[in-house]
Amino acid sequence: MKIDFVLNGRDVSIDTVPLRSLVDVLREDQNLTGVKKGCGEGECGACSVLVNGKLINSCIFPAGAAHGTEIVTIEGFRETNRYRVIEDAFAEAGSVQCGFCTPGMVLAAEALLREEPRPDDAAIREAISGNLCRCTGYNMIVDGIKIAVKKGKGIW
Ligand code: FES
Ligand code: FES
């Protein structure tokens, strides 16, 4: 099946089986290895990407459903000022340890702040609830997002 979509701002056309996981298309065909593959079952959020601005687990998202959408991975998001705000905030809060969950956490933060630029703690925790982190105990990630909220005033 021919599948056309916009990936990190460029038009992409692929020919693949529609039920193939989007994460495999992104990592194997498009070489976007910032998209991590953890559980492969929709449980850990490591494979998170934005599809039409919404956070999805790309391991359980069929490639066929990507047709006509706009997809942003961490590689595309890195080109934005908003990324730089989150990157600095995460560095300040110590939100990154092994880094495996980080691309998904950063995109979860972006999806949240796009919807709600002034989230409270509960909203932040809810927004990252689908993303597992084995290292930080989550508080440092919540703190990182809170710093991004302050530093990114007016940017989201
Ligand atoms: S790899 Fe997709 S949710 Fe875990
Ligand atoms: S920093 Fe290691 S899994 Fe989150």
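Report follows, based on the coordinates. Computed from a prediction, not measured in an experiment: that's the story for all the values here.

Quick notes on the rules
Residues numbered from 1 in each chain as written. Chains lettered and ligands numbered in written order. Predicted model: local features only at pLDDT ≥ 70, side-chain atom pairs only at ≥ 80, totals over all residues. Heavy atoms only, no water. Salt bridge = Lys/Arg side-chain N within 4 Å of Asp/Glu carboxyl O. Helix = DSSP H or I, 4+ residues; strand = E, 2+ residues; numbered from the N terminus. Buried < 20%, exposed > 50% of the residue type's maximum accessible area, 1.4 Å probe, protein only. Pairing = 2+ DSSP bridges. Axes fitted to C-alpha atoms, helices over the stretch in contact; angles between N-to-C directions. Contact = heavy atoms within 4.5 Å.

Attention shifts here to the pattern of salt bridges. By the definition in use, this model includes eight salt bridges. Of the charged contacts in the structure, one is a salt bridge between Lys 151 and Glu 92, with a shortest N-O distance of 2.5 Å. Here the residue Lys 151 occupies a position in helix H6 (residues 139-151), and Glu 92 occupies one in helix H3 (residues 81-93), the gap between them amounting to 59 residues. Here Glu 92 falls in the exposed class, since its relative accessible area comes to 51%. Among the charged side chains, a network of salt bridges with common partners joins Arg 20, Glu 28 and Asp 29.

With that settled, the discussion passes to the sheet that holds strand E4 (residues 54-57). The five strands lie next to each other as E2-E1-E5-E3-E4, forming an open sheet whose pairing is mixed. With partners counted over all chains shown, the strands left at the sheet margins are strand E2 (10-15) and E4, one partner each. Neighbour-to-neighbour, the strand axes of this sheet turn through a mean angle of 40°, independent of strand direction. Pairing of strand E1 (residues 2-7) with E2, which is carried by six bridges, proceeds in the antiparallel orientation. From the neighbouring strand, Phe 5 faces E2, where its bridge partner is Val 12. Where helix H1 (residues 22-29) meets the sheet, it contacts E1, E2, strand E3 (48-51), E4 and strand E5 (70-72), and its direction lies at approximately 105° from that of E3. Contacts from helix H4 (residues 102-115) reach E3, E4 and E5 within the one sheet, and its direction differs from that of E3 by about 35°.

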